[in-house]
Every structure is written in structure tokens, then in C-alpha cells.
Amino acid sequence: MGNKKRKNTTSFLAQGTILAAASLISRVIGLIYRMPLTAIIGDTGNDYYGSAYTIYNILLIISSYSLPLAVSKLVSANISQGRRRNVYRILKCALIFALVSGTVAAAILYFGADFITGTLLRTPLCIFALKVLVPVLVIVAVLGVMRGFFQGLGTMMPSAVSQILEQIINAIVSVWAAYVLFSYGSKAGALLGNAEDYGAAYGAAGGTIGTAAGALSALLFAGFVLVVYLRVFKKTLRKERKTSADSYGEIFKLLIITIIPVLVSSTIYNCNATIDQAVYKNIAAWQGYSKTDYGTWNGIYTGKYQVLINVPLAIASSLAASSVPALSAAYASGKRGEAKRQIGLATRFIMVVAFPCAVGMGVLASPILQMLFGDSSELAARMLQTGSVAIIFFSLSTLSNGLLQGMNRMKEPIKNAVIALALHLIILVALMLGLNLNIFAVIIANACFGLIMCILNARSIRRYSGYRQEVRRTFFVPAVSAAGMGVVVWLVYRLFLYLLRSNLIATLVSIVAGVFTYATLLLMLKGLTEQEILRFPKGRTLVKLARKMHLLR
């Protein structure tokens, strides 16, 4: 029994790690292509690009973001109960739902684009980038169902490969299309007396063309894998005994009941970025800042700050996605002890990653910005230093959202997100009007949103699962290890910068030194035990390496 429990937990972590690795690779690719994209369209173009994405993301969440979680949850629960016929019906119903919801969202985006860009966001020229994203809403909705189906079956590989493929195509097409359209927009804008803004706007639209091309390629790949898998799946259905299956009406009802709580909580949780932009730009305009000022600041925020912050958050999102089917299966089978173990291990894993990322991003803010974007400005560095702590808060809150959904406590993230959204808006307005912090008000308020969600979700998890959070090894040891790493990173960077006069080499060497320092301190302070390391993918290799370094006994 003990071996089986360990196998289940290992499988859960392994699948989460596969998806996390794919998401991290995708984010890194996204980070890399944003460098030439930013060089082409500039901070103004990043403002248009980011503004278009904030609106697109809200409609994407409404139409399809909740689908992978809902589908994986239902598929996992039915597979654990041996109801494979139900699984096939869930897939068909979810695909129909995706087509309808994606089409409705696309229609809203197309016909409401003028009002949204001009009145709500005060950024009318982002309409070109926004309208390119209209068909993507349908594509991603269907793609989300396919990914959720495979995740519910317990395999993250199709989702992982499709994510990487999507981002590679996105990167290539985005940079090429941005270059071509920036030139075209500059020529067209010259005739209208505004070459710079029109060039940036058309260049941003080129960036979103890459998004469309990437999503389409991922859909074709996932569709191919699904067709191949269903041939085998249907054969097993013919061989198994006749089992009762819910009617299509019952499945649609169950799907909607499952989707709505996830949808509402996801929408509230993620719409804070759109609300922040609308509030920030309108208050900044009322305070007398020029459109160029608040547009440029927002371009740095969306095109550099958020891009960097989102890289480590990919791990939390992936682990949350993998935890939902695993916890759903555990709860459906009445294995509360196994569920608690998964909650504890997932939380510890995410904190082991989040703390060094936050400290490293804060210490190396300016060197990283110079290395990736050629930006040595104090403003951009201060933004990243101020907001790096948000990595910890959003990593934990994203994971805890998934844990609550996996525990069938779907309403809890909704209530918590509503409270956090309201409090964070009060903080944002107070910081802008009372302290005149402009874009820094957005960064601080956003971090506060994540912190409030962490506190409220932790309380809910304890109430409904009985799980008592272990503090020392989950939070204290990673924090102390990360702090020690931060000191080493800063010293190594300064030393190599002084010796070689190269920011690139100094930054890379200091990052490598930071990784080894953090791992050493973490094991010396017993932040992870040998048994816990063994549960990670390649755990035996990691244990052998740690023993050779005399970090484990």
C-alpha cells in the first residue's frame, strides 16, 4: 500500500513536472522572441500589444480557459470509476461547447473592438492587434478541450508538445510579421502624419498574427494525436461490457455545472490585469499625464515586467493543472490521506521554485533587463525589483486555486477572488490618487491581490481538507536559502562585471552560481528529504549527485 501511495504521488509530480517543463520552455521561447519584437515595435508597440492581450485574455478565459480544467476533472473522475463510455461522451459535449462559446466570444470581440480600445482602454490604435485575435478564440477553445481530455487521462505529453510547438511557430511568425507590418504601418502612418504610432500599431498586429499561427499549429497537432488515440479508445469500448452512460443532456448539464465555478473564479482572478489597465490609464489621464507617458510606462510593464514575471509562474500554472485531475481522483475514491500528501508536496515544490526566482529577479533586475532587452533605465529596473515578490504570491495562489478545484470546492476561489479583487482595487486607487505612484501603484496593487488570494485560499484548504500547513521546510528554509543565494549572486555579478566588463557574462555566471548556492543551502538546511527528492522525476539521479556532494547522508 505504501508503494502504491508513493507511486501515485510520484506520477502526479512527474506529470506536473512534464507540463511545467513544457510551460517553462514555452515561456522562455516567448521571452526570447519578445526581445526582437520589442526592438521592432518599441515600448509604444508593447503598449498596443499588451492592451490587446488584456482584452483577449478576458474573453479567452470566458470562452475556453475553464474548459481544460473542467474536462480534465470530469474525465479523471469517470476514468477512476471505470466509466469509459461517459468519458467519450464528455469529450464530444465539450467540443460542441467549445465551438459555441468560442464563436460567441469572437463575435463580442469583433463587434465591440472599437468601444473597448477607444473608450475603455484609451488606446484606440491597439484595435489592429485586437482584431487579429478574433479567430484565435475559437481555435484555443477547441484546443483547450483536447488538452484537458489528455490531462484527465493522466498524460501531459500531448499538452506539453503542443505548447512548445505553438510557441515556436508563434515566435517565428510574430517577429517576421511584426517586421513586415511595422514597415507597412510606418509608410501608411507617414501619409497620415503619424508614422511612429501607426508603425508600432501595425507591428503589434504582426505579433498577434504569430499568436494565431501558433495556436492553429497546436490545434492541428493535438487534433492528429486525438484522432490516433480515439481509434484505440473506441476498440476498448467495443470490448468492455455494456456499462451505463449518462445522457448527452445530463453530461452537458454536468459540464456547465463544473465549468461555471471554474469560469467565474478564473475570470475574476485574471481580469484584474484588464481592470488595472483601465483604472490606471483613466486616472493617469485625469491626473494630467500625457498619453505618451502612461502608454510608455504601460509598455514597459506589459512588454518587459510581466513577460519576465510570468516565466516562473508557468511552473505554478502547470502544477495546478496537473493537481486537479489527481486530487479529483483521490477525492472520488475517498483517499483523503493521499490528497493531503499531494497538497503538501505540491505546495513545497512550488515554494522551492518561487523563492529563488523572486530573489534572483530582484537582485539581478537591471542586469537581466540589459541582457534581454538592452534596457538600462532605472525605471524598468525599479519596476522589476518592486514586483519580484509577486512571483511568490501568484505561484502559491495559482496552485491553491487548482487545489481547491480538485477538492470539489469550486465556490471558494470565487469568493476569495471577489474579496481580493475589491481590496486590490481600493489599494490601486489609493496609491495612485494618494501617493501618485502611477505605474508602481499597479505593480504593488497586483502583488497585494496575489497575497490576499494566498491567505484566503490557505484558510479554505485547511477548512475543507483538514490539511495543516507545515511552515519551516515549506516557507522558512526556501526563504533563508534564497536570501543566502541572493547575497552570493550579487557578489559574483559585481566581481565578474569588474573583472570582465561584460554584463552578459557576469549575469550568466551569477545565475549559475545562484543555482548551485541555493541547492546547497536548501539541502544543508534539510528543506527536502531524500524520500521527497526520490518522488521527483530523475529523483534517484538527484539523490546520487547530492550524496557525492555530501549534502545527503
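Up top is the structure these notes are about.
Heads up: these notes are all about the structure in this document. From a predicted model like this one, the values you see are computed outputs, not experimental measurements.

With that settled, consider the overall build of the protein. In terms of regular secondary structure, the protein is built from 19 helices and zero strands. The proportion of buried residues among the 553 residues of the protein is 56%. For the protein, contacts bridging at least 24 residues in sequence account for 83% of all contacts bridging at least 6.

Residues Tyr280, Tyr305, Leu308, Met383, Leu384 and Ile439 are the most contacted members of the largest nonpolar core, which totals 76 residues. Of all the elements, helix α15 (residues 439-465) adds the most residues to this core, at 13 residues. In terms of nonpolar packing, the next biggest core, distinct from the first, is built from 65 residues, Ile40, Tyr53, Ile90 and Cys126 among them.

Now for the packing of aromatic side chains. Applying the stated criterion across every chain yields a total of ten aromatic pairs. Plain terms: the ring middles of Phe149 and Tyr229 are 6.0 Å apart, the flat faces sit at 70° to each other, and that makes the pair edge-to-face. Of the two residues, Phe149 is situated in helix α4 (residues 136-152) and Tyr229 in helix α6 (residues 195-239); the sequence distance between them amounts to 80 residues. On the basis of relative accessible area, Tyr229 is assigned to the partly exposed category, the value being 26%. Relative to Tyr229, the ring of Phe150 has its centre 5.9 Å away and its plane inclined at 70°; by these criteria the two rings are edge-to-face. Separated by 79 residues along the polypeptide, Phe150 in helix α4 and Tyr229 in helix α6 bring together distant segments of the chain. Among the aromatic residues, those joined into a ring-pair cluster are Phe128, Tyr184, Tyr198 and Tyr202. Above the ring of Tyr110, the side-chain terminus of Lys131 is found at 4.7 Å from the ring centroid.

Attention now moves to a nonpolar patch on the surface. A contiguous nonpolar surface patch, about 860 Å² in accessible area, is contributed by Leu495, Tyr498, Leu499, Leu500, Leu504, Ile505, Leu508, Ile511 and Val515. Sorting the residues of the nonpolar patch by element identifies α16 (472-500) and α17 (503-524) as the ones contributing at least two each. No other element matches the five residues that α17 contributes to the nonpolar patch. Mapped onto the elements of the fold, Leu508 is located in helix α17. Residue Leu508 is classed as partly exposed on the basis of its relative accessible area, which comes to 42%.

The terminal C-alpha atoms of α17, which comprises 22 residues, lie 31 Å apart, in line with the 32 Å expected from a rise of 1.5 Å per residue. Three or more residues of α17 are buried, namely Asn503, Ala506, Thr507, Ser510, Ala513, Gly514, Thr517, Tyr518, Leu522 and Leu523. Following α17 by one or two positions, Lys526 adopts a phi angle in the positive range, close to 60°.

This brings us to the side chain of Ser174. Here Ser174 shows up in helix α5 (residues 157-191). The class of Ser174 is buried, set by a relative accessible area of 0%. Within the local environment of Ser174, its side chain forms a polar contact with the backbone oxygen of Gly207, the two atoms lying 2.9 Å apart. Filtering out sequence-adjacent residues up to four positions away, Ser174 remains in contact with Tyr33, Leu37, Gly206, Gly207, Gly210 and Thr211.

A few words now on helix α8 (residues 272-286). The terminal C-alpha atoms of α8 lie 21 Å apart, and with 15 residues this matches the ideal 21 Å at 1.5 Å per residue to within 8%. Restricting attention to buried positions, one finds in α8 the residues Asn272, Thr274, Asp276, Gln277, Ala278, Val279, Tyr280, Lys281, Ile283 and Ala284. Just downstream of α8, Gly288 is the residue with a positive phi angle, here 100°.

The next subject is the environment of Ser400. Along the chain, Ser400 turns up in helix α13 (residues 390-406). For Ser400, a relative accessible area of 5% gives the class buried. Separated by 58 residues in the primary sequence, Ser400 and Ala458 have C-alpha atoms spaced 7.1 Å apart. Residues in contact with Ser400, not counting those within four places in the same chain, are Asn457 and Ile461.

What follows concerns the side chain of Gln167. One can find Gln167 in helix α5. A relative accessible area of 16% means that Gln167 is categorised as buried. Other than its neighbours up to four places away in sequence, Gln167 contacts Ser26, Ile29, Gly30 and Tyr33.

The next point concerns the pattern of salt bridges. As a working rule, side chains carrying opposite charge can pair if their charged atoms are close by. One pass over the full model with this rule turns up seven salt bridges. Glu470 serves as the salt-bridge partner of Arg348, at 3.6 Å between the closest nitrogen and oxygen. Here Arg348, found in helix α10 (residues 336-363), pairs with Glu470, found in the loop between α15 and α16; they are 122 residues apart in sequence, far enough to count as distant.

About the cut-offs
- Residues numbered from 1 in each chain as written.
- Predicted model: local features only at pLDDT ≥ 70, side-chain atom pairs only at ≥ 80, totals over all residues.
- Heavy atoms only, no water.
- Helix = DSSP H or I, 4+ residues; strand = E, 2+ residues; numbered from the N terminus.
- Buried < 20%, exposed > 50% of the residue type's maximum accessible area, 1.4 Å probe, protein only.
- Contact = heavy atoms within 4.5 Å.
- Core = buried A, V, L, I, M, F, W, Y, C linked by side-chain atoms within 4.5 Å.
- Phe/Tyr/Trp six-rings, centres within 6.5 Å; stacked < 30°, edge-to-face > 60°.
- Lys NZ or Arg CZ within 6 Å of the ring centre and 35° of its normal.
- Patch = residues over 30% accessible without salt bridge, like charges linked within 9 Å, V, L, I, M, F, W, Y side chains within 5 Å.
- Areas by Shrake-Rupley, 256 points an atom, 1.4 Å probe, with all protein chains shown as cover.
- Salt bridge = Lys/Arg side-chain N within 4 Å of Asp/Glu carboxyl O.
- Expected span 1.5 Å × (residues − 1).
- Polar contact = N/O pair within 3.5 Å; in protein donor to acceptor, adjacent residues only side chain to side chain.

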